[in-house]
Amino acid sequence: MGNAGNITAYWRGYLEYREAGRATRLPRMLGFQAKGAAPIVEGRVVERPETIATAIRIGNPASWRGAEAAAAESGGAIAAVSDEEILDAYRFLAVEESVFCEAASAAAVAGLLRSEVPRGATVVCVLTGHGLKDPDLAISQIQVPDAVEPTFGAVTEALGL
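An account of the accompanying structure is given in this report. Just so it is clear, the model here is predicted, and its values are computed rather than measured. (Residues numbered from 1 in each chain as written. Predicted model: local features only at pLDDT ≥ 70, side-chain atom pairs only at ≥ 80, totals over all residues. Heavy atoms only, no water.)

Covalent bonding between the sulfur atoms of two cysteines is what defines a disulfide. All chains considered together, the criterion is met by zero disulfides. Its sulfur unpaired, Cys-101 is 9.9 Å from the next cysteine sulfur, which belongs to Cys-125. By relative accessible area, which is 29% here, Cys-125 ends up partly exposed. (Disulfide = S-S within 2.5 Å. Buried < 20%, exposed > 50% of the residue type's maximum accessible area, 1.4 Å probe, protein only.)

In terms of nonpolar packing, the biggest core is built from 19 residues, with Ala-53, Ile-56, Val-81, Ile-86, Tyr-90 and Ala-106 touching the most fellow members. Going through the elements one at a time, β1 (30-34), α4 (83-97), α5 (103-114) and α6 (135-140) are the ones with two or more residues in this core. No other element matches α5, which puts six residues into this core. When near neighbours in sequence (up to four residues on either side) are disregarded, Ile-86 contacts Ala-34, Thr-51, Ile-52, Ala-53, Val-81, Ala-103, Ala-106, Ala-107 and Ala-110. (Core = buried A, V, L, I, M, F, W, Y, C linked by side-chain atoms within 4.5 Å. Helix = DSSP H or I, 4+ residues; strand = E, 2+ residues; numbered from the N terminus. Contact = heavy atoms within 4.5 Å.)

Before going further, it helps to examine the layout of surface pockets. The gaps left among the atoms become clear once a water-sized probe is rolled over them. Estimates place the volume of the largest pocket at around 1,300 Å³. Around the largest pocket, the lining is made up of 40 residues, and of these Arg-28, Met-29, Leu-30, Val-124 and Cys-125 lie nearest the centre. Contributing elements (two or more residues each) for the lining of the largest pocket: α1 (5-19), β1, β2 (77-81) and α5. (1 Å grid on protein atoms, 1.4 Å probe; cavity = no way out; pocket = protein on both sides within 12 Å on 5 of 7 lines; lining within 4 Å. Points joined across faces, edges and corners; volume = space filled by probe spheres on them.)

Inspection of the secondary structure puts Glu-102 in the loop between α4 and α5. Not counting residues up to four positions away in its chain, the partners in contact with Glu-102 are Ala-55, Tyr-90, Gly-129, His-130, Gly-131 and Lys-133.

Of all five residues in β1, four are buried, a share of seventy percent or more. Note: β1 against β2, five bridges, orientation parallel. The partner of Phe-32 across the bridge, within β2, is Ala-79. (Pairing = 2+ DSSP bridges.)

Here the focus is the side chain of Ser-105. Within the secondary structure, Ser-105 is located in helix α5. Within the local environment of Ser-105, its side chain forms a polar contact with the backbone nitrogen of Gly-129, the two atoms lying 3.0 Å apart. (Polar contact = N/O pair within 3.5 Å; in protein donor to acceptor, adjacent residues only side chain to side chain.)

We now examine the packing of α4 against α5. Each packed pair of helices is defined by two parameters, the angle between the axes and the distance between the axes. Where α4 meets α5, the axes come as close as 7 Å, and the angle between the chain directions of the two elements is 100°. Regarding the angle of α4 to α5, the classification is roughly perpendicular. From α4, Glu-85, Ile-86, Ala-89, Tyr-90 and Leu-93 reach across to α5, where they touch Ala-103, Ala-106, Ala-107, Val-109, Ala-110, Leu-113 and Arg-114. Residues that form the contact of α4 with α5 fall into these classes: ten nonpolar, no polar and two charged. (Axes fitted to C-alpha atoms, helices over the stretch in contact; angles between N-to-C directions. Parallel < 35°, antiparallel > 145°, perpendicular 65-115°, else oblique. Nonpolar A, V, L, I, M, F, W, Y, C, P; charged D, E, K, R; others polar.)

Take a look at the structure:
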C-alpha cells in the first residue's frame, strides 16, 4: 500500500455490493506496506520513506484512516514487508506465474507468502502496476544479454535455434 486508496475503495465497493444484495460475504482485507515506508504500521508519519518499491514510497498516505477502517472492519490487518521479501515475490511472480508487475504490486504477494492462509482458502492479490513502470529495477534483477544484430539469423543463433 502506498496512499492506501485501493484498499479503501475496494472495501467500500464490497460493502456496497453486500448492501445491494449482490454479495453475501465480505472478504478479509490485508494491506502491505514496505518496511522503510510503513507509516500506518508504525502509527506515525515517515518523513523520509525508503524502499525499492517506488510506487509505495509514501510516508503519509492520503487514505490512512480509510485503510485502517477497511482492515479493522473486515477482520484483516496491515503489515510491513521487507525489500528482500518484495524482490523475492517480484522474481517468484515472473518465474512461476509469468506475471511482470512492479515491485509495489509484488508487496501484496510478499505479504501473502508470509501469511498463514488456511489450506483451500480463496485469495486474491490485486497487482495494479506493470513491471515497465520501473524498468531499472527489472533490469537490475536479470543478467542483461549481449546485443545482437537485428536480423533473423543473428537472433536465432543467439537463442540457439
